[in-house]
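Chain by chain, the residues:
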Amino acid sequence: MTGEIIFSFVLVLIGTGPVFILGIVQCRSKDPVGFWAGKKPPRKEEITDVRAYNRKHGLMWILYGAGFIGCFVCGQPFGGLTAAYLCVTEAIGGIFVMAAYHNKLNRMYYKE
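A few points on the structure. (Residues numbered from 1 in each chain as written. Predicted model: local features only at pLDDT ≥ 70, side-chain atom pairs only at ≥ 80, totals over all residues. Heavy atoms only, no water.)

On to the overall build of the chain. From N to C terminus, the chain includes 3 helices and 0 strands. Written out in order from the N terminus, the α and β elements of the chain read α-α-α. Referenced to the eigenvectors of the C-alpha coordinate spread, the extents of the chain come out at roughly 55 × 20 × 20 Å. By sequence separation, contacts in the chain at least 24 residues apart represent 66% of the contacts at least 6 residues apart. Only carbon and sulfur atoms are counted for the fraction: they give 69% of the accessible area of the chain, which is about 7,400 Å². Charged side chains in the chain number 12 positive and 7 negative. The centres of these two groups are separated by 6 Å. (Helix = DSSP H or I, 4+ residues; strand = E, 2+ residues; numbered from the N terminus. Contact = heavy atoms within 4.5 Å. Areas by Shrake-Rupley, 256 points an atom, 1.4 Å probe, with all protein chains shown as cover. Lys, Arg positive; Asp, Glu negative; His and termini not counted. Charge placed at Lys NZ, Arg CZ, Asp CG, Glu CD.)

What follows is the structure in C-alpha cells.
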C-alpha cells in the first residue's frame, strides 16, 4: 500500500515538473509570454508592464502544478481513486480558471 502511494506521488511529481518549469521560465522571461499554443505572444510594445505580466502568468502555472500535488495529497487519506478524481477536477477546472485569468491579465496589461 505504501509503495503504491510513493510510486503514485513520484508520477505526480514527474507529471507536474514541466508545469513548474514552465512557470519559472515565464516568471524570468524578458519578453512577453504566451498562453495559447499556436498563438504568438504579444510584443513588448503591446504590454504596459512586461515584468508583472510575465510574473503573473508564471505564478499561474506554478499554482496550477501545486494544485495537482495538493489534490493528490488531500485525496490520499480517502483512497487513490479519490485522489485521482480530485486531480482530474483540478486539471479540467484549472484550465478554465487559467483561461479566464489569462483574459483578465490581457485586459489589465494590454495597451489600448
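Now for the packing of helix 2 (residues 50-75) against helix 3 (residues 80-109). Where helix 2 contacts helix 3, the two axes come as close as 9 Å, and the packing angle between them is 165 degrees. Considering the angle they form, helix 2 stands roughly antiparallel to helix 3. Helix 2 and helix 3 meet at a crossing whose hand is right-handed. Its residues assigned to classes, the contact of helix 2 with helix 3 comprises 19 nonpolar, 7 polar and 2 charged. (Axes fitted to C-alpha atoms, helices over the stretch in contact; angles between N-to-C directions. Parallel < 35°, antiparallel > 145°, perpendicular 65-115°, else oblique. Left-handed = near helix turned anticlockwise from the far one by under 90°. Nonpolar A, V, L, I, M, F, W, Y, C, P; charged D, E, K, R; others polar.)

The next point concerns a nonpolar patch on the surface. Nonpolar side chains collect at one region of the surface, where Ile 6, Phe 7, Val 10, Leu 11 and Ile 14 lie side by side and expose about 500 Å² of accessible area between them. Assignment of secondary structure puts Ile 14 in helix 1 (residues 2-28). Relative accessible area serves as the criterion here: at 56%, Ile 14 is assigned to the exposed category. (Patch = residues over 30% accessible without salt bridge, like charges linked within 9 Å, V, L, I, M, F, W, Y side chains within 5 Å. Salt bridge = Lys/Arg side-chain N within 4 Å of Asp/Glu carboxyl O. Buried < 20%, exposed > 50% of the residue type's maximum accessible area, 1.4 Å probe, protein only.)

Another point: the packing of aromatic side chains. Taken as a whole and assessed by the stated rule, the structure comprises 6 aromatic pairs. With a centroid separation of 4.8 Å and an interplanar angle of 80 degrees, the aromatic rings of Phe 35 and Trp 36 are classed as edge-to-face. Using a relative accessible area of 14% as the deciding quantity, one classes Phe 35 as buried. According to the relative accessible area criterion, Trp 36 is partly exposed, its value standing at 41%. Each member of the aromatic cluster is reached from another via a ring pair, and the members are Phe 35, Trp 36, Trp 61, Tyr 64 and Phe 68. (Phe/Tyr/Trp six-rings, centres within 6.5 Å; stacked < 30°, edge-to-face > 60°.)

On to the nonpolar core. Among the nonpolar cores identified, the biggest contains 14 residues, and Phe 35, Met 60, Trp 61, Tyr 64, Phe 72, Cys 87 and Met 98 are the most heavily contacted of them. Tallying contributions element by element places helix 2 first for this core, with 7 residues. Beyond its immediate chain neighbours, meaning those up to four positions away, Met 60 contacts Phe 35, Met 98 and Tyr 101. Ranked by size, the runner-up nonpolar core spans 6 residues in total, among them Ile 47, Val 50, Ala 52 and Tyr 53. (Core = buried A, V, L, I, M, F, W, Y, C linked by side-chain atoms within 4.5 Å.)

Any functional reading would require information that these geometric values do not contain.
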